[in-house]
Amino acid sequence: MKLLTHNMLTSHVKGVTKGYPLIIKATEVKVNELEFNAQFVSRMIPKLEWSALIQAAEWLGQSQDLPSALIPDYENDEEFLRKVHRILLEVEVIEGCLQCPESGREFPISKGVPNMLLNEGE
Amino acid sequence: MCLKHIACKNKIIVVTALLSGSKFQFYNEQEAKKYSQNSRMIEIQTQMSERAVELLSLPEDQPCYLLDVGCGSGLSGDYLSEAGHYWVGVDISTAMLDVALQRDVEGDLLLGDMGEGLPFRPGMFDGCISISALQWLCNADKKTHSPPKRLYRFFSTLYSSLARGARAVFQIYPENSEQLELITAQAMKAGFTGGMVVDYPNSSKAKKFFLCLFAGVSGVLPKGLCSESTDRGVSNQAQFTAQRSRFKNMKGKSVKKSKDWIMEKKERRRRQGKDVRADTKYTARHRKPRF
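Residues numbered from 1 in each chain as written. Chains lettered and ligands numbered in written order. Predicted model: local features only at pLDDT ≥ 70, side-chain atom pairs only at ≥ 80, totals over all residues. Heavy atoms only, no water.

- For chain B, the name recorded in an unreviewed UniProt entry is 18S rRNA (guanine-N(7))-methyltransferase, with Cyprinus carpio carpio as its organism.
- The record held by UniProt for chain B lists under Sequence similarities (unreviewed entry) the comment "Belongs to the class I-like SAM-binding methyltransferase superfamily. BUD23/WBSCR22 family." (UniProt positions renumbered as here; feature names shortened; annotations may be inferred.)

- Per an unreviewed UniProt entry, chain A goes by the name Multifunctional methyltransferase subunit TRM112-like protein and belongs to Cyprinus carpio carpio.

Printed below as a string of structure tokens:
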């Protein structure tokens, strides 16, 4: 599971109002290499919940030198875009789980795939 | 249904899957492998993915963030990656997702049931495609499941997950018109506009159905493909809008007190031989309340 996807995921259990962001408890993390595309990264940045991204990066111990608040002129700052590219698309959670901040319900992650299947009555 | 394309020897397994539709009868390891290694299957799925992306009408030369519902072993997802897009795939079958992992797909995969709703924040995706997956929602595998409810939960969460003006394209093989009506009714209820695009409507082999839904903005429905010598009379589009026709001709009769109703009543009385005023330009004219 890449952190870009994690930034989009919420708990869709019935009755949960604050199911975002899901807390990451990772036991295995991998860093791959992916081709850098500046256009895509700068288009996705406005869609992101920046604070949730920084928090997720911290949980994985990958926060490195990402600023805690979004810098204003990021489109032209290639170094910044590369850092964001790395954290969004190159860092992957392979094993672990996602925990709902409101209910505590856990969604396990296995082989990089989070299991979002709900139980009866959820 | 994609099952049509699998060779005859698999028909028995395939037919049981069709009939029961249970979560556990979705593709298991054996079927998942066969599905992904069959070269004809790969060719067809790739072609349908290509057409679906074409119908999405995404801005040119721009990498987009897309959702692939029922991504399975990633055959359609591979096409998305090749077109330069980033994608997230959702599927209910662990076996199919395992094959996708083995094939090292570039998109991010999620194990989930689309009938339970999509677990995303609002407005995230630039578009959504789904190849041969929507029909699974029309089967009720448990007594507690209601297909319309599941369809609605899927469509309403999809509607919110899409950015404004984004499209969702579903390639489907509709079993019958009731199934099609069920799907489109729930999609409209969720707020989508759009319609069916039919490619090659006159060829039973090449005919393909694509349900094109627009989120937030009413677009012009793309034209279906057709071979050169088609009958012009065959329409290959069916447009539906968010307009609801209320009270129009309920029970086949005109609404009471409308002009139609008044004219019909006058005709009826004339046939009965009664004395009826002649029709003038003032007949059935709307009068002010104090009249």
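There's more to say after this.
### Brief notes about the overall build of chain A
So, step 1. Counting secondary structure elements, chain A contains 4 helices and 4 strands.
So, step 2. Along chain A, helices and strands appear, N-terminal first, in the series α-β-α-α-α-β-β-β.
So, step 3. For chain A, whose C-alpha radius of gyration is 15 Å, the value lies close to the compact-globule estimate of 14 Å for 122 residues.
So, step 4. Taken along the three principal axes of its C-alpha coordinates, chain A extends 50 × 30 × 20 Å.
So, step 5. Taken across its 122 residues, chain A has 52% of its residues classed as buried.
So, step 6. The long-range fraction of contacts in chain A, counting pairs at least 24 apart against all pairs at least 6 apart in sequence, stands at 68%.
So, step 7. Accessible surface, chain A: about 5,800 Å² in total, of which carbon and sulfur atoms supply 46%. (Helix = DSSP H or I, 4+ residues; strand = E, 2+ residues; numbered from the N terminus. Rg over C-alpha atoms; globule rule 2.2 N^0.38 Å. Buried < 20%, exposed > 50% of the residue type's maximum accessible area, 1.4 Å probe, protein only. Contact = heavy atoms within 4.5 Å. Areas by Shrake-Rupley, 256 points an atom, 1.4 Å probe, with all protein chains shown as cover.)

### A few points about the interface of chain A and chain B
So, step 1. Taken together, the contacts link 32 residues of chain A with 32 residues of chain B.
So, step 2. Summing both sides of the interface, chain A and chain B together bury roughly 2,700 Å²; the carbon and sulfur share of this comes to 54%.
So, step 3. Taken together, the links from chain A to chain B amount to 3 salt bridges.
So, step 4. Two residues, A:Arg43 and B:Asp126, come together in a salt bridge whose shortest N-O distance is 3.0 Å. (Buried area = accessible area lost by both parts, 1.4 Å probe. Salt bridge = Lys/Arg side-chain N within 4 Å of Asp/Glu carboxyl O.)

### Observations concerning the packing of helix 3 (residues 50–59) of chain A against helix 4 (residues 78–90) of chain A
Residue and element names in this part refer to chain A.
So, step 1. At a minimum axis separation of 11 Å, helix 3 and helix 4 run at an interaxial angle of 65°. Taken together, helix 3 and helix 4 sit at an angle that is classed as roughly perpendicular. Crossing geometry of helix 3 relative to helix 4 is assigned as left-handed. Across the interface between the two elements, Trp50, Leu53 and Ala57 of helix 3 pack against Phe80, Val84, Ile87 and Leu88 of helix 4.
So, step 2. Its residues assigned to classes, the contact of helix 3 with helix 4 shows 7 nonpolar, no polar and no charged. (Axes fitted to C-alpha atoms, helices over the stretch in contact; angles between N-to-C directions. Parallel < 35°, antiparallel > 145°, perpendicular 65-115°, else oblique. Left-handed = near helix turned anticlockwise from the far one by under 90°. Nonpolar A, V, L, I, M, F, W, Y, C, P; charged D, E, K, R; others polar.)

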